[in-house]
Amino acid sequence: ELVLEAGDITETRADVALFKYSQRFNGASQAVAQRLGAVGIPTSQLEVAPGDFRFVETRGGLTAPLVLYLGTVRLGSFGYHEIRQFAVRALKALESRPGLRHLASTVHGPNYGLDEDEAVLALAGGLVEAFQRGNGPQGLERVTLVGIVSRRALRLPRALERGLGGTPRDHALTR
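Residue positions are given per chain, counting from 1 as you read along its sequence in written order. Only residues with pLDDT of at least 70 are given local features in this predicted model, and only at 80 or more are side-chain atom pairs given and counted; all residues enter the totals for whole chains, interfaces and linings. Remark: hydrogens and water are excluded; side-chain values derive from all non-hydrogen atoms of the structure.

1. A word on helix α1 (residues 27-38)
Phase 1 of the analysis: Helix and strand assignments come from DSSP, with helices taken as H or I runs of at least 4 residues and strands as E runs of at least 2, each series counted from the N terminus. To estimate the expected span of a helix, count its residues, drop one, and scale the result by 1.5 Å. For α1, with 12 residues, the first-to-last C-alpha span of 17 Å sits near the 16 Å given by 1.5 Å per residue.
Phase 2 of the analysis: Taken together, the buried positions of α1 are occupied by S29, V32, A33 and L36. On an axial view of α1, the arc spanned by its buried residues comes to 105 degrees, and they lie on one face. Residues of α1 that are exposed and point over 90 degrees away from its buried face: G27, Q34 and A38.
Phase 3 of the analysis: Of the residues flanking the end of α1, it is G40, one or two places downstream, whose phi is positive at about 90 degrees. Only protein chains enter the accessibility calculation, which uses a 1.4 Å probe; a residue whose area is less than 20% of its type maximum is buried, one above 50% is exposed, and one in between is partly exposed. Taken from the helix axis, the directions to the C-beta atoms give the arc we talk about.

In structure tokens:
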């Protein structure tokens, strides 16, 4: 199940929250780094080279007990293709945590110039691709995409409906 909701990802209830480290902290990843810093987790534990990933226990700094940081290229080079691959890589990394049932993430791209519809479709497309390959933790039931901008969270389900309308039902992500 794929759900879009307005809110603060740091307050979203999920088993794991997913963030990118684009060789510096930006947006939600910066807010999370600050919250984790407040509970004694240094930012150096969140910094990840492109292609690598790191799980970090949040120690109560976020509602989710675990975060996954994926290292990516810098924002200027993080386009739609990279967003799609980011989703595939995230589900592959989550395979090492088979008990996870709920993943939360933000929509990547609109805050640094990408089209919001295309960005959410790239992310959802990567999730569908990963599921079709059989990737991801076996127990994963729900992915929540959280947007701090409530108007955007209200618009994006229409983009998903248009973009995923032809997805086979047994692999479909619904909202």
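2. Quick word on the sheet that holds strand β1 (residues 2-6)
Phase 1 of the analysis: A pair of strands is treated as paired once DSSP finds two or more bridges between them. Read from one edge to the other, the open sheet built from six strands follows the order β1-β6-β5-β2-β4-β3, with strand pairing classed as mixed. In this open sheet, the two edge strands, each paired with only one partner strand, are β1 and β3 (53-57). Taking each pair of neighbouring strands and ignoring which way they run, the sheet shows an average axis angle of 25 degrees.
Phase 2 of the analysis: The contact definition used throughout considers only heavy atoms, calling two residues in contact when any of these lie within 4.5 Å. Throughout, an axis means a line fitted to C-alpha atoms (over the contacting stretch in the case of helices), and angles, computed between N-to-C directions, take values from 0 to 180 degrees. The strands touched by α1 are β2 (16-21), β4 (66-71) and β5 (102-106); relative to β4, the strand with the most contacts, the crossing angle is about 130 degrees.

3. Looking at the pairing of β2
Phase 1 of the analysis: Within β2, six of the six residues are buried, which leaves it mostly tucked inside the rest of the structure.
Phase 2 of the analysis: Neither face of β2 is left uncovered, since the one carrying V16, L18 and K20 and the one carrying A17, F19 and Y21 both have all their residues buried.
Phase 3 of the analysis: Pairing geometry for β2 and β5, over three bridges, is parallel. Within β5, the residue paired with A17 across the bridge is A104.

4. Here's the deal with the nonpolar core
Buried together is how nonpolar side chains tend to be arranged in soluble globular proteins.
Phase 1 of the analysis: Ranked by size, the top nonpolar core spans 31 residues in total, and within it L68, L94, L103 and L145 carry the most contacts.
Phase 2 of the analysis: Those elements that place two or more of their residues in this core are β1, β2, β4, α2 (80-94), α3 (116-133) and β6 (142-147).
Phase 3 of the analysis: A total of eight residues in this core trace back to one element, the largest contributor, which is α2.
Phase 4 of the analysis: Each residue touching L103, except ones within four places of it in the same chain, is listed here: A14, V16, L18, L91, L94, L140, R142, V143 and T144.
Phase 5 of the analysis: Nine residue types can take part in a nonpolar core, namely buried Ala, Val, Leu, Ile, Met, Phe, Trp, Tyr and Cys, and a core is a set of them joined through side-chain atoms within 4.5 Å. Core analysis: the next-biggest nonpolar cluster, separate from the first, contains 19 residues, F19, V56, L62 and A64 among them.

5. A few points about the side chain of T72
Phase 1 of the analysis: Examined against the element boundaries, T72 turns out to sit in the loop between β4 and α2.
Phase 2 of the analysis: In contact with T72, other than residues within four places in its own chain, are K20, Y21, S22, Q23, P50, F78, F86 and R89.

6. Re the confidence of the model for the protein chain
A low pLDDT score tells you not to read the predicted coordinates there in detail.
Phase 1 of the analysis: Note: pLDDT gives the predictor's confidence per residue, expressed from 0 to 100. A residue-level look at the protein chain finds 84% of positions with pLDDT of 70 or above and a mean pLDDT of 87.
Phase 2 of the analysis: Here residues 166-175 scores under 50 on pLDDT; set against residues more than four positions off or in separate chains, the count is 18 contacts.

7. A closer look at α2
Phase 1 of the analysis: The terminal C-alpha atoms of α2 lie 21 Å apart, and with 15 residues this matches the ideal 21 Å at 1.5 Å per residue to within 8%.
Phase 2 of the analysis: Taken together, the buried positions of α2 are occupied by I83, F86, A87, V88, A90, L91, A93 and L94.
Phase 3 of the analysis: The secondary structure elements touched by the buried residues of α2 are β2, β3, β4, β5 and α3.

8. Here we look at the pattern of salt bridges
Phase 1 of the analysis: Whenever Lys or Arg places a side-chain nitrogen within 4 Å of a carboxyl oxygen from Asp or Glu, that contact is recorded as a salt bridge. One pass over the full model with this rule turns up six salt bridges.
Phase 2 of the analysis: The salt bridge involving E95 is made with K92; its shortest N-O contact spans 3.2 Å.
Phase 3 of the analysis: What makes E95 partly exposed here is its relative accessible area of 29%.
Phase 4 of the analysis: Taken together, the shared-partner salt bridges connect R84, E129 and R133 into one network.

9. Focus on unusual backbone geometry
Phase 1 of the analysis: Of note, the phi angle at Q23 is positive, near 70 degrees, even though the residue is not glycine.
Phase 2 of the analysis: Here Q23 lies in the loop between β2 and α1.
Phase 3 of the analysis: In this model, R59 sits at a positive phi of 50 degrees, which is unusual for a non-glycine residue.
Phase 4 of the analysis: With respect to the element layout, R59 can be found in the loop between β3 and β4.

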